[in-house]
2 protein chains.
Amino acid sequence: MDIIHKKITSNELLNNLKDLKGKTGQICFKLAGINLIIKNTDTIGVTLQLWLKEYFNKKNYFYMQPSNTQEFPDFYLNDTNPNDNMLEIKSFNYKRTPSFDIANFDSYCSEIEEKPYCLYADYLIFGYNMEDGIISIKKMWLKKVWEISGTSKKYPLKVQEKRNKIYNIRPNSYFKNDKEPVFKNEIEFLTALFETIKFDKGEKVALKWKKTFICNYKKYYNKNINF
Amino acid sequence: MDIIHKKITSNELLNNLKDLKGKTGQICFKLAGINLIIKNTDTIGVTLQLWLKEYFNKKNYFYMQPSNTQEFPDFYLNDTNPNDNMLEIKSFNYKRTPSFDIANFDSYCSEIEEKPYCLYADYLIFGYNMEDGIISIKKMWLKKVWEISGTSKKYPLKVQEKRNKIYNIRPNSYFKNDKEPVFKNEIEFLTALFETIKFDKGEKVALKWKKTFICNYKKYYNKNINF
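Read on for a plain summary of the structure. (Residues numbered from 1 in each chain as written. Chains lettered and ligands numbered in written order. Predicted model: local features only at pLDDT ≥ 70, side-chain atom pairs only at ≥ 80, totals over all residues. Heavy atoms only, no water.)

### A few points about the overall build of chain A
Part 1 of the argument: Helix and strand content of chain A: 6 helices and 9 strands.
Part 2 of the argument: For chain A, the C-alpha radius of gyration of 19 Å lies close to 17 Å, the compact-globule estimate for 227 residues.
Part 3 of the argument: For chain A, the spread of C-alpha atoms along the three principal axes comes to 60 × 50 × 35 Å.
Part 4 of the argument: Every one of the 227 residues in chain A was classed for burial, and the buried ones make up 51%.
Part 5 of the argument: For chain A, long-range pairs separated by at least 24 residues make up 61% of all intrachain contacts whose partners lie at least 6 apart in sequence.
Part 6 of the argument: On chain A, roughly 11,400 Å² of surface is accessible, and the fraction owed to carbon and sulfur atoms is 46%.
Part 7 of the argument: For chain A, the distance from the average site of its 37 positive side-chain charges to the average site of its 27 negative ones is 4 Å. (Helix = DSSP H or I, 4+ residues; strand = E, 2+ residues; numbered from the N terminus. Rg over C-alpha atoms; globule rule 2.2 N^0.38 Å. Buried < 20%, exposed > 50% of the residue type's maximum accessible area, 1.4 Å probe, protein only. Contact = heavy atoms within 4.5 Å. Areas by Shrake-Rupley, 256 points an atom, 1.4 Å probe, with all protein chains shown as cover. Lys, Arg positive; Asp, Glu negative; His and termini not counted. Charge placed at Lys NZ, Arg CZ, Asp CG, Glu CD.)

### Thoughts on the environment of Gly22 of chain B
Part 1 of the argument: Tracing the sequence through the fold places Gly22 of chain B in the loop between helix 1 (10-16) and strand 1 (24-31).
Part 2 of the argument: Separated by 113 residues in the primary sequence, Gly22 of chain B and Ile135 of chain B have C-alpha atoms spaced 9.5 Å apart.

### Regarding the pattern of salt bridges
Part 1 of the argument: Counted by the stated rule, this structure contains 28 salt bridges over all chains.
Part 2 of the argument: When the shortest N-O distance is used, the salt bridge between Asp122 of chain A and Lys144 of chain A registers 3.0 Å. Of the two residues, Asp122 of chain A sits in strand 6 (residues 122-131) while Lys144 of chain A sits in the loop between strand 7 (134-143) and helix 4 (145-148), which places them 22 residues apart along the sequence.
Part 3 of the argument: One salt bridge connects Glu188 of chain B with Lys184 of chain B, and the closest N-O pair in it is separated by 3.7 Å.
Part 4 of the argument: A residue is classified by how much of its surface remains accessible, and Glu188 of chain B, at 28% relative accessible area, is partly exposed.
Part 5 of the argument: Put simply, Asp106, Asp200 and Lys201 of chain A together with Lys165 of chain B are held in one network by salt bridges that share partners. (Salt bridge = Lys/Arg side-chain N within 4 Å of Asp/Glu carboxyl O.)

### Looking at the sheet that holds strand 9 (residues 165-169) of chain A
Residue and element names in this part refer to chain A.
Part 1 of the argument: Read across the sheet, 3 strands follow the order 5-9-8 without closing on themselves; strand pairing throughout is antiparallel. Each edge of the open sheet is held by one strand with a lone partner, namely strand 5 (103-104) and strand 8 (159-162).
Part 2 of the argument: For strand 8 and strand 9, the ladder comprises 4 bridges, and the chain directions are antiparallel. Bridge pairing links Gln160 to Asn168 in strand 9. (Pairing = 2+ DSSP bridges.)

### A few points about the interface of chain B and chain A
Part 1 of the argument: Across the boundary between the two partners, chain B contributes 38 residues, which contact 38 residues of chain A.
Part 2 of the argument: Together chain B and chain A conceal approximately 3,700 Å² of surface at their shared face, both sides included; 65% is due to carbon and sulfur atoms.
Part 3 of the argument: When the buried area of chain B at its contact with chain A is split by residue, Phe29, Leu31 and Trp51 of chain B rank highest and sum to 17% of it.
Part 4 of the argument: Counting every contact that joins chain B to chain A gives 2 salt bridges. (Buried area = accessible area lost by both parts, 1.4 Å probe.)

### Quick notes on the state of the cysteines
Here a disulfide denotes one covalent bond, and it connects the sulfur atoms of two cysteines.
All names here are of chain B.
Part 1 of the argument: Taken as a whole and assessed by the stated rule, the structure comprises 0 disulfides over all chains.
Part 2 of the argument: Cys109 carries a free sulfur, and the closest cysteine sulfur to it, the one in Cys118, is 12 Å from it.
Part 3 of the argument: Classification of Cys109 as buried rests on a relative accessible area of 6%.
Part 4 of the argument: As a non-bridged cysteine, Cys215 has Cys118 as the owner of its nearest cysteine sulfur, 16 Å distant. (Disulfide = S-S within 2.5 Å.)

### With respect to the sheet that holds strand 8 (residues 159-162) of chain B
Residue and element names in this part refer to chain B.
Part 1 of the argument: A sheet is described by the order of its strands in space; here 3 strands give the open sequence 5-9-8, paired in antiparallel fashion. Lying at the two open borders of the sheet, with one neighbouring strand each, are strand 5 (103-104) and strand 8.
Part 2 of the argument: As judged from the 2 bridges shared by strand 5 and strand 9 (residues 165-169), these two strands associate in the antiparallel manner. Counterpart to Asn104 in the pairing with strand 9 is Asn168.

### Thoughts on the relation of the copies chain B and chain A
Part 1 of the argument: With an axial shift of 0.0 Å and an RMSD of 0.0 Å, the rotation relating chain B to chain A amounts to 180°. Expressed as a symmetry operation, the mapping of one chain copy onto the other fits a two-fold axis. (Least-squares fit on C-alpha atoms with pLDDT ≥ 70 in both.)

### Thoughts on the packing of helix 5 (residues 186-201) of chain A against helix 6 (residues 203-221) of chain A
Residue and element names in this part refer to chain A.
Part 1 of the argument: Interaxial distance between helix 5 and helix 6 falls to 7 Å at its minimum, and their mutual angle equals 145°. Of the residues in helix 6, those in contact with Leu190, Leu193, Phe194, Ile197, Lys198 and Lys201 of helix 5 are Glu203, Val205, Ala206, Leu207, Trp209, Lys210 and Phe213.
Part 2 of the argument: Residue classes in the contact of helix 5 with helix 6 are distributed as 9 nonpolar, no polar and 4 charged. (Axes fitted to C-alpha atoms, helices over the stretch in contact; angles between N-to-C directions. Nonpolar A, V, L, I, M, F, W, Y, C, P; charged D, E, K, R; others polar.)

### Side note on the packing of helix 3 (residues 105-114) of chain A against helix 5 of chain A
All names here are of chain A.
Part 1 of the argument: In contact at an axis separation of 12 Å, helix 3 and helix 5 are set at 125° when each is read in the N-to-C sense. It follows that helix 3 is oblique to helix 5 by the angle criterion. Helix-helix and strand crossings are classified by hand; for helix 3 and helix 5 the assignment is left-handed. Along the contact surface, helix 3 presents Phe105, Asp106, Tyr108, Cys109 and Ile112, while helix 5 presents Phe189, Leu190, Leu193, Thr196, Ile197, Asp200 and Lys201. (Parallel < 35°, antiparallel > 145°, perpendicular 65-115°, else oblique. Left-handed = near helix turned anticlockwise from the far one by under 90°.)

### Description of the nonpolar core
One broad rule of soluble globular proteins: the nonpolar side chains tend to lie buried together.
Part 1 of the argument: Grouped together as the largest cluster of nonpolar side chains are 62 residues, with contacts concentrated most on Leu17, Trp51, Leu52 and Phe56 of chain A together with Leu17, Trp51 and Phe56 of chain B.
Part 2 of the argument: Sequence-distant contacts of Trp51 of chain A, defined by excluding residues within four places in its chain, comprise Leu17 and Leu20 of chain A together with Phe29, Leu31, Ala32, Ile34 and Leu36 of chain B. (Core = buried A, V, L, I, M, F, W, Y, C linked by side-chain atoms within 4.5 Å.)

### So, the packing of aromatic side chains
Residues and elements named next belong to chain A.
Part 1 of the argument: Overall, the coordinates contain 51 aromatic pairs over all chains when judged by the stated rule.
Part 2 of the argument: The interplanar angle of 85° and the centroid separation of 5.0 Å between the aromatic rings of Phe56 and Phe75 together place this pair among those described as edge-to-face. One end of the pair, Phe56, is in helix 2 (residues 44-59); the other, Phe75, is in strand 3 (residues 75-76), with 19 residues separating them in the sequence. Side by side, Phe56 and Phe75 carry an identical accessibility label, which is buried.
Part 3 of the argument: Taken together, a centroid distance of 5.9 Å and an interplanar angle of 65° make the contact between Phe213 and Phe227 edge-to-face. Within this pair, whereas Phe213 is found in helix 6, its partner Phe227 is found in the segment after helix 6, the two being separated by 14 residues in sequence.
Part 4 of the argument: Taking relative accessible area as the criterion, Phe213 reaches 0% and is therefore assigned buried. (Phe/Tyr/Trp six-rings, centres within 6.5 Å; stacked < 30°, edge-to-face > 60°.)

Here it is in structure tokens:
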């Protein structure tokens, strides 16, 4: 008998995961007679994502993943409308300021330029504690990219920068602190993205990006967007 | 009674680790009733480094680490001459081409510009297999940066590049395949580094970098270097 996989939305997923709050876990490593409990937080993000995949399998929830797991998104929750049910998984140490990479800045710009529906991906965010190797899930959120993004002193969009080179789009703390997001909607987020491209690569590049985005948005959604 | 920590060189370490070849291990994660064996290789590098730290502790080997573990180097093996006993830990899937990041390109340039002794750090490299969650150590190497670096079509130094932006210095496969390295010594490596800075940021920036490096090298080693 074939297994029937249940299709769930990301909101249903968040609801089904609510029992996870307060649960504890640990990462172990055994090699050559040395048994180790990992007390470092560097691998928690990837590990929670692999855990979620196993959770989907155990619960018979439907999902697909890109063949290259480095690619966007982490999961598709629906094969009828895969592009409208994209899920990205993020996590951060709840005792600190959220500092995960939302995405590589250049890759994200190209991604939504060509595939404007990527703008509407859901971000499932785990806030965890790590105390002497014991990981506990403190809180979970389901957000859109504009609800977790912010601005910085230098750039209209908050980014990680090293030696004047933009690397990644980074979140701010508003969602963690239950404050209203900086950007009310995708239009305000796109405006900040456009202004940041302009600042970083000049107006010509920014305008070309905007034009292609608007054109592809119109093609996909059959309606206009402007910012 | 105080524990006396043994000081070992990186060569002694490599020798002491030789029994590790062929040994197997696995990474596990337990959370909320789901027990998971990690079958993804993304976290192996960090995990092997944490394992090595535990190995040092068990064997009473002396080591120090920068307070910020993101900083260079991963370990100092000696407190009398810490700068001459730096150890970086790298690992890669032995079935594939080595693709670890030797270092962020910009950070590495600044690092050796200010602290020229960083050029002589040792790289302990683990080549592992991962088969259905079972990790086995296939081979280990101890190398200098110029012995694992190479050139690429576009740049004199092999780097990881995304959308015309240089991110990281990447190794080539010569060390894995027991071939003579592309760069015979640090001078040839520095020349490739200089030419890559020139290509990426222009001659003025490259010359300024070179001048500072040469000056700091002279200060530290009390001898001249030129390339």
